[in-house]
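Spelled out, the chains give:
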Amino acid sequence: MDINQIYEAANIMDIIHDPTAPRLVINKDKVVNSNTVEGLEVYPKEIENGVSVELIVRKGKIIPKPVHLCFGITDEQAVQYIIINVNVEDNAEVSLLAHCVFPIAKDVLHKMDAEIFVGKNAKYSYFEKHIHSETGGVKVIPKTKVKLDENSRFKTEFELIKGRVGSIDLDIEASCGDKSVVEMTTRISGIDDDKISIRETGYLEGLNSRGALTSRIAVRNNSQAQVYNKLVATGSFSRGHVDCKEVVKDNATASAVPVVEVKNPTAHVTHEASIGSVDLKQLETLMSRGLSEEEATELIIQGLLS
Amino acid sequence: MNILEIKNLNLSFNGKRILSDLNLKFEEGKISAVVGPNGAGKSTLAYVIMGLNGYRDYTGEILYKGVSLKDYGVAERAKLGITLGWQEPARFEGLKIKQFMMACAKIKSEEKIIEALNIVGIDYYEYIDRAIDKSLSGGERKKFELASIVAMQPELVILDEPDSGIDVASLRNIFGAIKYLHKNGSTLILITHSLEVLKIAEYAYLMCNGILLDEGKVDKIRKYFEGKCLPCPHKNIPVFSEIEKA
């Protein structure tokens, strides 16, 4: 398999040849393509089994196009270790679209450690989309720590768009300064013996800080999911919501632990969690239009994960 | 010709009789109404005809074009041409209107979906990126549900309280869709306690407390709606002597 197949799988062939598109493409432990634009500085460094990246968005700079990151592995067996340090300086804005592409993986470990700082009045969005092989031979362990300064925004979405999960152990933690906002969303569907572990934590430390943690998980066959979402509100007038929905079929198992801790009487944090089979009314509505139970279930899960 | 025949239908939950010895016939191509007060068993009858989970343990017969539906599940009944519009339509988190409509439509083309939505007064392009979820009002979801039925082109449509949650201006769209389905050959069963809905039917059945009390032309059955269906000590069963006196 060559790198072009990675581009095709991630649907980024146009991006790779666009001189105005900021990007960084890593195949296993090599940087194979990169481009920067004004205000964006990217310093990749190849390390053992991976790449370390420093990404800086300079003060007041708004990066108009999404920065494409592509972490690919063209081999069946490999270890890829990515370290990312991001600094979005005051009043800057950037959106990152990361594709993690392991299309023929049989025994692949993708490990990422990220530290992100979002400065005053700055905005940082990170959308991570995974494309895995159908064998389940992928182990993904991303760990992220985020610090938000005053009036900043951090938004992240994690989604498996193709292939089997294998094993995902996602751990992300954000602490919020005054008037800052954190949003974390995860959408994953597991089958066979996939294992999903989600741990999202938000510390609403600042005055008027806001947080929303959302998880949408579907597990089928013998797959397993554990979701541990936690919001801790210590900031005055901070507000937050934890929302976890898991759909379980066959012999799959799921657990959800929404934790809310409020240590300030002016703060308010809510949570909702539901685990169960596909909603019967939804199912019967679609079946009464002629869909089979399997087709209806698939469509409902597609919607939930979209 | 009768498209649907219900013979000696009985249904009990936890030993309590919900439907008692019902006998109804629905003529092909006609609009019929099943009316009655809350708790009469109208919706239950609709669920039994559709074969919903928990509503299939009945005695008696439900014959669709002469074939017993006893061993048919919901999807099989839908494939025969039967469908149901719920009083309170389901919400589908994240499911886009286009996906929902495409899944329900007999002819899976954007053109047909736009046409079905127009019939219920919905501009497709205004809703194209929306999901059938809690961001839609109950009335909007009701219209999308009806549009999905129009797009399905079923032979037999059961609509449970088709006007509930619908504002006055949108009622015209709902009635228009019912007439469209009728004009295009569908047989309709309207479950209702609304006089306005009853008026578009050609034949009506009156139920109370799980029992079929009366049937006939709409003019006859509508009398029960004009202040003559009195409260009674028999759990909603009208006092016949009072009706006869009137």
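Up top is the structure.
A few points on the structure. Since we're looking at a predicted model, the values are computed, not measured.

Scanning chain A for helices and strands turns up four helices and 19 strands. Computed over its C-alpha atoms, the radius of gyration of chain A comes to 20 Å, within 12% of the 19 Å expected for a compact globule of 306 residues. In terms of principal-axis extent, the alpha carbons of chain A reach across some 55 × 55 × 35 Å. Out of the 306 residues belonging to chain A, those deemed buried represent 53%. When the accessible area of chain A is evaluated, it comes to approximately 12,700 Å², of which 45% is carbon and sulfur surface. Taking the 35 positively charged and 45 negatively charged side chains of chain A as two groups, their mean positions are separated by 5 Å.

Hydrogen bonding along the main chain pairs the strands of a sheet, whether they run parallel or antiparallel. Residue and element names in this part refer to chain A. As summarised here, the arrangement of the 10 strands in space is 2-1-5-7-9-11-13-15-17-19, forming an open sheet in which the pairing is mixed. Of all strands in the sheet, those bounded by a partner on one side alone are strand 2 (30-35) and strand 19 (268-276). The mean angle between the axes of side-by-side strands here comes to 10°, regardless of whether they run parallel or antiparallel. Relative to strand 9 (residues 123-132), strand 7 (residues 93-102) runs parallel, the two being bridged by 10 bridges. Paired with E93 across the bridge in strand 9 is K123. Sheet contacts for helix 4 (residues 293-305): strand 11 (153-162), strand 13 (181-190), strand 15 (210-219) and strand 17 (239-248); angle to strand 15, the most-contacted strand, approximately 155°.

A few words on helix 1 (residues 3-10) of chain A. All names here are of chain A. For helix 1, the full list of buried residues reads I6, Y7 and A10. Summarising the axial view, the buried residues of helix 1 lie within an arc of 100°, below the 170-degree limit, and thus occupy one face. On the buried face of helix 1, the contacting elements are helix 2 (13-16), strand 1 (23-27), strand 2, strand 5 (67-72), strand 7 and strand 9. By the N-cap criterion, in which a side-chain oxygen at the helix start approaches the backbone nitrogen of a residue two or three places on, helix 1 is capped by D2, the distance to N4 being 2.9 Å. Within two residues after helix 1, N11 carries a phi angle of roughly 60°, on the positive side.

Moving on, we get to the packing of helix 3 (residues 280-287) of chain A against helix 4 of chain A. Residue and element names in this part refer to chain A. At a minimum axis distance of 9 Å, the contact between helix 3 and helix 4 shows a crossing angle of 125°. Taken together, the axis directions place helix 3 and helix 4 in an arrangement best described as oblique. The element helix 3 and its partner helix 4 pack so that their crossing is right-handed. Seen from helix 3, the contacting residues are Q282, L283, L286 and M287; seen from helix 4, they are E293, A296, T297, L299 and I300. In terms of residue class, the contact of helix 3 with helix 4 is made up of six nonpolar, two polar and one charged.

Reading the values: the criteria
- Residues numbered from 1 in each chain as written.
- Chains lettered and ligands numbered in written order.
- Predicted model: local features only at pLDDT ≥ 70, side-chain atom pairs only at ≥ 80, totals over all residues.
- Heavy atoms only, no water.
- Helix = DSSP H or I, 4+ residues; strand = E, 2+ residues; numbered from the N terminus.
- Rg over C-alpha atoms; globule rule 2.2 N^0.38 Å.
- Buried < 20%, exposed > 50% of the residue type's maximum accessible area, 1.4 Å probe, protein only.
- Areas by Shrake-Rupley, 256 points an atom, 1.4 Å probe, with all protein chains shown as cover.
- Lys, Arg positive; Asp, Glu negative; His and termini not counted.
- Charge placed at Lys NZ, Arg CZ, Asp CG, Glu CD.
- Pairing = 2+ DSSP bridges.
- Axes fitted to C-alpha atoms, helices over the stretch in contact; angles between N-to-C directions.
- Contact = heavy atoms within 4.5 Å.
- Arc of directions from axis to C-beta.
- Polar contact = N/O pair within 3.5 Å; in protein donor to acceptor, adjacent residues only side chain to side chain.
- Parallel < 35°, antiparallel > 145°, perpendicular 65-115°, else oblique.
- Left-handed = near helix turned anticlockwise from the far one by under 90°.
- Nonpolar A, V, L, I, M, F, W, Y, C, P; charged D, E, K, R; others polar.

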